[in-house]
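# Structure at a glance
As a plain string of letters, each chain reads:
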Amino acid sequence: MTRPPGLWRDTCAEPCDGSALHGNITTDVAIVGGGFTGLSTALHLAQTGCDVQVVEAGEIGTGASGRNVGLVNAGLWLPPHKIRARLGDGIGDNLVRLLGDAPAQVFDLIEQHQMHCEPVRAGTIHVASTPQQLDDLRNRAAMWQNLKAPVTLLSAEQTQHRTGSPHFIGGLFDARAGTVQPLGYARGLARAATAAGAQISTHSRVTTITRDHDNWQLTTPTGTLTANRVVIATNALTGPLWPGLDRCQSQISYFQLATEPLGERAAHVLPGGEGIWDCGTIMISLRRDQAGRIILGSMGRIIETGRLSQRWANRTLARLLPDLGAVNWQQAWHGPIGTTPDKLPRIVQLDDNVYAPFGYNGRGIAPGTAMGAALAGFLSGTGNLPLPLTPPQPLRAPKLYARSLDVALLAHKVLRTIV
Ligand SMILES: Cc1cc2nc3c(=O)[nH]c(=O)nc-3n(C[C@H](O)[C@H](O)[C@H](O)COP(=O)(O)OP(=O)(O)OC[C@H]3O[C@@H](n4cnc5c(N)ncnc54)[C@H](O)[C@@H]3O)c2cc1C
């Protein structure tokens, strides 16, 4: 993975800037990884006057940030009461508040820095297809409403009207949320960080991080970077960079397919511009982009030419949007979502002045942005972290688990195309 996928690259109005790190550079804070987390950390640190350098292995947004659906959701996958139960009232409440406000933080940054990333602040809808799923949404609605969040439970009729699909029996509308062109947002963050004084090098994979007296030395194929503090924002793409870090979370693959622009024939699909995702164990997402393409996604990978995924997508679209008719799928891609066993994010302290934030469990646009801003506050001494720093806790066999999951998801996809 060295480039973001074709659709987001082809339709990105933000320029793709960046060149490799050359020579021996010294900085205050080195950030490994040019996704939402690393770039938000860089932007907010640079705004405090701190000397900061981002080093990215590929292009900006090569990882999950430039591959994602673009749903800017509030909160985590876990509902607020479970976050509180797992973290305790004080930390739990703070995290729920931070992440509930995080979509506003994203849209404010987009506005402030005039990022060209197709922002649509029209909310998102979590949709239900079964009575049990609707009960879950009813509970989530009650919890968020207790916290005075602008969420509304939609009736079957309202959901059908707003999605264009007769398939759903209800939905939870969240007015805080919205959609973006994710690569545009990542590149926009990079542009804003650079304007604030951060240095960004691309196509520069960090191969080693070693101690150099009180500092750390990061080596890339064409240069070295010496820094007092290091943020490893490589998330699910960490690889062997720091011993054991890649074992602190597992992965789920998520794939997407995009149609050609569909014009008037898809005008009834999500006419208000919301993005949706469902309550299924094997989740499905659906949104439109600015050009009128439908982008359909689910858990799993695109294998070989993607023909199996196209068959799956045809069947799924016929089920969700029976009035639409046949479509032409033009793009297909997948990416890794980092997951933790308790579904909570972490900020791990790996050594003196070396930190790694990760584990958004599929909710990285707003949480990655908020986590980066909070980390910048912590590193510059102007703010606190939303979570306690924890030591790394490697899982037993995360890669085996991820591979087994991929096989199970592939089997499910095959079944879905024949049953
Ligand atoms: C297909 C898909 C759909 C998703 N949809 C949504 C969604 O709709 N809404 C949402 O909120 N979240 C979504 N997510 C989750 C979200 O995209 C992630 O949580 C988020 O992008 C994580 O950002 P990050 O900056 O932490 O990591 P990443 O974006 O993965 O960035 C890590 C970067 O580190 C770089 N890197 C790795 N190793 C090195 C090294 N040794 N040297 C230098 N650089 C290195 C990688 O190239 C990569 O660019 C989705 C994820 C996927 C994969």
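Scroll up to find the structure.
The next subject is the overall build of the chain. The secondary structure content of the chain amounts to 10 helices and 18 strands. The principal-axis extents of the C-alpha atoms in the chain amount to approximately 65 × 45 × 45 Å. Classification of the 419 residues of the chain by burial places 56% in the buried group. With 36 positive and 31 negative side-chain charges, the chain shows a spacing of 7 Å between the two charge centroids.

As a further point, take the site of the ligand. Lining the immediate surroundings of the ligand are 35 residues, of which Thr-37, Glu-56, Ser-65, Leu-71 and Asn-235 lie closest. The separation between an oxygen atom of the ligand and a polar side-chain atom of Thr-37 is 2.7 Å. About the coverage of the ligand: the protein hides 97% of its 1,000 Å² of free accessible area. At the level of secondary structure, the elements contributing two or more residues to the shell around the ligand comprise α2 (36–47), β12 (250–259) and β16 (329–339). At three residues, the largest contribution of residues to the shell around the ligand is made by β16. Its residues assigned to classes, the shell around the ligand shows 16 nonpolar, 15 polar and four charged.

Before going further, it helps to spend a moment on the packing of α2 against helix α9 (residues 365–380). When two helices pack together, you describe them by how their axes are tilted relative to each other and by the distance separating the axes. As a packed pair, α2 and α9 sit with axes 7 Å apart at the nearest point and diverge in direction by 40 degrees. One way to sum up the angle between α2 and α9 is to call them oblique. Both α2 and α9 take part in a crossing whose hand is right-handed. Residue-level contacts link Phe-36, Thr-37, Ser-40, Thr-41, His-44 and Leu-45 of α2 to Ile-365, Gly-368, Thr-369, Gly-372, Ala-373, Leu-375, Ala-376, Leu-379 and Ser-380 of α9. Within the contact of α2 with α9, the residues separate by chemical class into seven nonpolar, eight polar and no charged.

Let's shift gears to the side chain of Gln-133. If you trace the backbone, Gln-133 turns up in helix α5 (residues 131–146). Classification of Gln-133 as buried rests on a relative accessible area of 17%. Contacts of Gln-133, omitting those with residues within four sequence positions, involve Ala-128, Cys-279 and Gly-280.

This part covers α9. Over its 16 residues, α9 runs 23 Å from end to end, which matches the ideal 22 Å to within 8%, given 1.5 Å per residue. Of all 16 residues that make up α9, 14 are buried, and the element is covered over most of its length. The first or second residue beyond α9 is Gly-381, which carries a positive phi of 75 degrees.

We now examine the pairing of strand β10 (residues 215–220). Of the two faces of β10, only one is covered, namely that formed by Trp-216, Leu-218 and Thr-220; the face formed by Asn-215, Gln-217 and Thr-219 stays uncovered. Note: strand β9 (residues 208–212) against β10, five bridges, orientation antiparallel. The residue bridging Thr-208 from the neighbouring strand is Thr-219, located in β10. Connecting the antiparallel pair β9 and β10 is a turn made up of two residues, with His-213 showing a positive phi of about 55 degrees.

Our next topic: a nonpolar patch on the surface. On the surface, Ile-303, Leu-410, Val-414, Leu-415 and Ile-418 cluster together to form a nonpolar patch covering roughly 410 Å² of accessible area. Tracing the sequence through the fold places Ile-418 in helix α10 (residues 398–418).

Our next topic: helix α7 (residues 182–195). Over its 14 residues, α7 runs 20 Å from end to end, which matches the ideal 20 Å to within 8%, given 1.5 Å per residue. Counting buried positions along α7 yields 11 of 14 residues, so the element is predominantly enclosed. The set of residues buried in α7 consists of Pro-182, Leu-183, Gly-184, Tyr-185, Ala-186, Arg-187, Gly-188, Leu-189, Ala-190, Ala-192 and Ala-193. Buried residues along α7 sit against α1 (6–10), α2, α4 (89–112), β8 (199–201), β14 (284–288) and α9. The N-terminus of α7 is capped by Gln-181, whose side-chain oxygen sits 3.0 Å from the backbone nitrogen of Leu-183. Following α7 by one or two positions, Gly-197 adopts a phi angle in the positive range, close to 115 degrees.

Another aspect to go through is the sheet that holds strand β4 (residues 124–128). Taken in spatial order, the eight strands make up an open sheet running β5-β6-β4-β13-β14-β15-β12-β16, and their pairing is mixed. Only two strands of the sheet have a single partner each, and these edge strands are β5 (151–154) and β16. The mean inter-strand angle of the sheet, taken between neighbouring strand axes irrespective of direction, is 20 degrees. With two bridges connecting them, strand β13 (residues 275–278) and β14 associate as antiparallel partners. Among the inter-strand pairings, Ile-276 is bridged to a residue of β14, identified as Leu-286.

The next subject is the packing of aromatic side chains. According to the stated counting rule, one finds five aromatic pairs in the structure shown. Between Trp-8 and Trp-333 the ring centres are 6.0 Å apart and the planes differ by 70 degrees, which places this aromatic pair in the edge-to-face class. Of this pair, Trp-8 sits in helix α1 while Trp-333 is found in strand β16, placing the two residues 325 residues apart along the sequence. Judged by its relative accessible area of 0%, Trp-8 is buried. An angle of 40 degrees between the planes, with centres 5.3 Å apart, marks the rings of Phe-36 and Tyr-185 as tilted. Highlighted residues: Phe-36 in helix α2 and Tyr-185 in helix α7, separated in sequence by 149 residues.

Turning next to the environment of Phe-378. If you trace the backbone, Phe-378 turns up in helix α9. Sequence-wise, Phe-378 and Leu-45 are 333 residues apart; in three dimensions their C-alpha atoms are separated by 9.5 Å. Ignoring sequence-local partners within four residues, the contact set of Phe-378 consists of Tyr-355, Gly-383, Leu-385 and Leu-389.

Parameters at a glance
Residues numbered from 1 in each chain as written. Predicted model: local features only at pLDDT ≥ 70, side-chain atom pairs only at ≥ 80, totals over all residues. Heavy atoms only, no water. Helix = DSSP H or I, 4+ residues; strand = E, 2+ residues; numbered from the N terminus. Buried < 20%, exposed > 50% of the residue type's maximum accessible area, 1.4 Å probe, protein only. Lys, Arg positive; Asp, Glu negative; His and termini not counted. Charge placed at Lys NZ, Arg CZ, Asp CG, Glu CD. Near = heavy atom within 4 Å. Polar contact = N/O pair within 3.5 Å; in protein donor to acceptor, adjacent residues only side chain to side chain. Areas by Shrake-Rupley, 256 points an atom, 1.4 Å probe, with all protein chains shown as cover. Nonpolar A, V, L, I, M, F, W, Y, C, P; charged D, E, K, R; others polar. Axes fitted to C-alpha atoms, helices over the stretch in contact; angles between N-to-C directions. Parallel < 35°, antiparallel > 145°, perpendicular 65-115°, else oblique. Left-handed = near helix turned anticlockwise from the far one by under 90°. Contact = heavy atoms within 4.5 Å. Expected span 1.5 Å × (residues − 1). Pairing = 2+ DSSP bridges. Patch = residues over 30% accessible without salt bridge, like charges linked within 9 Å, V, L, I, M, F, W, Y side chains within 5 Å. Salt bridge = Lys/Arg side-chain N within 4 Å of Asp/Glu carboxyl O. Phe/Tyr/Trp six-rings, centres within 6.5 Å; stacked < 30°, edge-to-face > 60°.

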